[in-house]
Amino acid sequence: MLKGKHIVLGITGGIAAYKSVMLLRLLVKAGAEVQIVITPAGKEFITPVTLSALSGKPVISEFFTANTGEWHSHVDIGLWADAMVIAPATASSIAKMANGVADNMLITTYLSAKAPVFLAPAMDLDMMAHPSTQRNIATLRSYGNHIIEPAEGELASHLVGKGRMAEPQEIFNTLARYFAAKEGSLRGRKVLITAGPTYERIDPVRFIGNFSTGKMGYAIADEAAARGADVTIVSGPVAVRPSDSEAVKVVSVESAREMLTATQERVADADIVILAAAVADYAPAHPADHKIKREKSADAPTIELVKNPDIARTLGAEKRDNQIFVGFALETDDADANGRAKLVAKNLDMIVVNSLADAGAGFGTDTNVVTIIDAATGSARRFPLKSKRAVAADILDAVESAQSAGKQ
Ligand code: CTP
């Protein structure tokens, strides 16, 4: 989404200026064109040489280039920008922005900019808490500027300290979300995904499960979010996280029954439902309340199993005409025929078949080899070995073309 975007990155004089280098790298890596505008105080903290080397463009700081007399037009830069990001934004720059004190190139550019403006405040706690700073930030908000505050993350909020600048990745994610929501091909769509394994309890410390890591489902969630969708994952126990936790909502569940309930509660709102979870087919009929002790049973215990609900089939039976349902099939033999049978049995629109016979496919890998079978056309398209994120893109491309082919 940031590819080819024109971003003005404004840097002011704060300790957090070193983090702007990381932000610059993330933007450049995503294919954005970045013009750095730095305040005179900013240059005390970070050298323009580093910034121009990474951005591939001369850094702008003064109204004129000293040796040539060339004039930098803040109006042109303001118009060139698709977005302007000021990180770090110090108390002083925030005050100038709120009050139109146009005494440096960055503030004049800000005042001329037609593009959306994002600011990541950075200062010490007392300066941040001061009523004058708070009033200035409130003023900038009222101008429609986006204020990026640090996510509290895993640290307790008292350790984080208000005033610390948001991390470069958070700032980057905020920009990516902005453009995805504005231009993404799935903007305004609600996507519901099941992912990961389910754990079926035998007793409080043991379970029946499988080797699914959730990587495929989470890759689809990340890709759908990058296309501007409103994404919810109902996830079994996994170690993976969405790349942008603000863009993807995770509902954590443990067993197949919990996954069914959590999915049923959310399916009515969804436009696209992707069933990527490796749901355990059976669960212990009588899970023990206490840990089963070895010495109490003379013989090896037998675990009686009951069938789990089939989530895909249950939801598929109630599918509305304007919803698209995508299932997965992990097969060892007769992948195509088994995939087609599941497509029909579960009332799906599409099934993504992966065969364990293919190297690089299946659980735990970062790659996958899939065939996408479409119910409407009967076509089966086999894709080569790709990263799971690229496979996610192929799946969502197929969903989007099915939608434009008249499903919605
Ligand atoms: N699925 C589900 N609930 C289940 C079992 C499967 O929602 N209890 C979904 C999976 O998420 C996947 C599809 O159904 O999208 C096919 O899963 P798979 O395990 O391959 O199919 P099964 O129906 O369990 O068939 P089998 O184990 O006989 O191959």
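What counts, and at which threshold
- Residues numbered from 1 in each chain as written.
- Predicted model: local features only at pLDDT ≥ 70, side-chain atom pairs only at ≥ 80, totals over all residues.
- Heavy atoms only, no water.
- Buried < 20%, exposed > 50% of the residue type's maximum accessible area, 1.4 Å probe, protein only.
- Helix = DSSP H or I, 4+ residues; strand = E, 2+ residues; numbered from the N terminus.
- Pairing = 2+ DSSP bridges.
- Salt bridge = Lys/Arg side-chain N within 4 Å of Asp/Glu carboxyl O.
- 1 Å grid on protein atoms, 1.4 Å probe; cavity = no way out; pocket = protein on both sides within 12 Å on 5 of 7 lines; lining within 4 Å.
- Points joined across faces, edges and corners; volume = space filled by probe spheres on them.
- Nonpolar A, V, L, I, M, F, W, Y, C, P; charged D, E, K, R; others polar.
- Core = buried A, V, L, I, M, F, W, Y, C linked by side-chain atoms within 4.5 Å.
- Contact = heavy atoms within 4.5 Å.
- Near = heavy atom within 4 Å.
- Polar contact = N/O pair within 3.5 Å; in protein donor to acceptor, adjacent residues only side chain to side chain.
- Areas by Shrake-Rupley, 256 points an atom, 1.4 Å probe, with all protein chains shown as cover.
- Sits in = over half its atoms within 2 Å of the grid points.
- Domains from an automatic or database assignment.
- Buried area = accessible area lost by both parts, 1.4 Å probe.

A. Local environment of the pairing of strand β3 (residues 83-89). Among the seven residues that make up β3, seven are buried, leaving the element largely enclosed by the rest of the structure. Alternating positions in β3 separate into two faces, Ala83, Val85, Ala87 and Ala89 on one and Met84, Ile86 and Pro88 on the other, with burial throughout. Judged from the four bridges that link them, strand β1 (residues 6-11) and β3 form a sheet pairing that is parallel. Of the residues in β3, the one forming a bridge with Ile7 is Ala83. In this sheet, strand β4 (residues 117-121) lies alongside β3 in parallel orientation, the contact comprising four bridges. Along β4, the bridge assignment pairs Val85 with Phe118.

B. Inspection of the pattern of salt bridges at higher detail. Under the definition given, this model contains 23 salt bridges. Residues Lys319 and Asp349 are paired through a salt bridge, measuring 3.2 Å at the closest nitrogen-oxygen approach. Of the two residues, Lys319 sits in the loop between α12 (311-316) and β14 (324-331) while Asp349 sits in the loop between α13 (335-345) and β15 (350-355), which places them 30 residues apart along the sequence. The same class applies to Lys319 and to Asp349, which are both buried. One salt-bridge network, held together by shared partners, links Glu223, Arg227, Arg389, Asp397 and Glu400.

C. Region of interest: the layout of surface pockets. Its boundaries defined by the atoms lining it, the largest pocket holds a volume of some 890 Å³. Ala277, Ala278, Val279, Phe328 and Leu330 are, among the 41 residues lining the largest pocket, the residues nearest its centre. If you list the elements that add at least two residues to the lining of the largest pocket, you get β6 (190-195), α10 (215-226), α12, β14 and β15. It is β14 that provides the largest number of residues to the lining of the largest pocket, a total of five residues. Among the residues making up the lining of the largest pocket, the classes are represented as 19 nonpolar, 14 polar and eight charged. The space that makes up the second largest pocket amounts to roughly 630 Å³. Listing elements by their share of the lining of the second largest pocket, those giving two or more residues are α1 (17-29), α9 (168-183) and α10. Element by element, the count of residues in the lining of the second largest pocket is highest for α9, at six residues.

D. Up close: the nonpolar core. Among the nonpolar cores identified, the biggest contains 34 residues, and Ile220, Val231, Ile274, Val326, Phe328 and Ile395 are the most heavily contacted of them. The set of elements that each furnish at least two residues to this core consists of β6, α10, β9 (230-235), β11 (272-275), β14, β15, β17 (370-374) and α14 (388-407). Those residues in contact with Ile395 that sit more than four places away from it in its chain are Met216, Ile220, Val326, Phe328, Val352 and Ile372. Listed in part, the 30 residues of the second largest apolar core include Leu2, Ile46, Ala166 and Phe172.

E. Up close: the site of the ligand. Of all residues adjacent to the ligand, which total 14 residues, the nearest are Leu275, Ala277, Phe328, Lys342 and Lys346. Ala312 has a polar backbone atom sitting 2.8 Å from an oxygen atom of the ligand. Between an oxygen atom of the ligand and a side-chain N or O atom of Lys346, the distance comes to 2.7 Å. Bound to the protein, the ligand loses 75% of the 570 Å² it would expose on its own. Most atoms of the ligand, that is more than half of them, are within 2 Å of grid points of the largest pocket. Of all elements in the fold, only α12 and β14 reach the threshold of two or more residues within the shell around the ligand.

F. Fine view of the domain arrangement of the protein. According to the domain assignment, the protein contains domain 1 (6-182) and domain 2 (185-404). Each side of the interface is counted separately: domain 1 has five residues, and domain 2 has nine residues. Roughly 470 Å² is buried in total at the junction of domain 1 and domain 2, and carbon and sulfur atoms are behind 48% of that figure. Of all residues in domain 1, Asn173, Arg177 and Ala180 give up the largest surface area on contact with domain 2, accounting jointly for 75% of the area buried on that side. Inspection of the region where domain 1 meets domain 2 yields one salt bridge. The residue Arg177 makes a salt bridge to Asp244 at a minimum N-O spacing of 2.7 Å. Between domain 1 and domain 2 we count one residue pair in polar contact (both at pLDDT 80 or more) in total. Split by residue class, the side of domain 1 that touches domain 2 holds two nonpolar, one polar and two charged.

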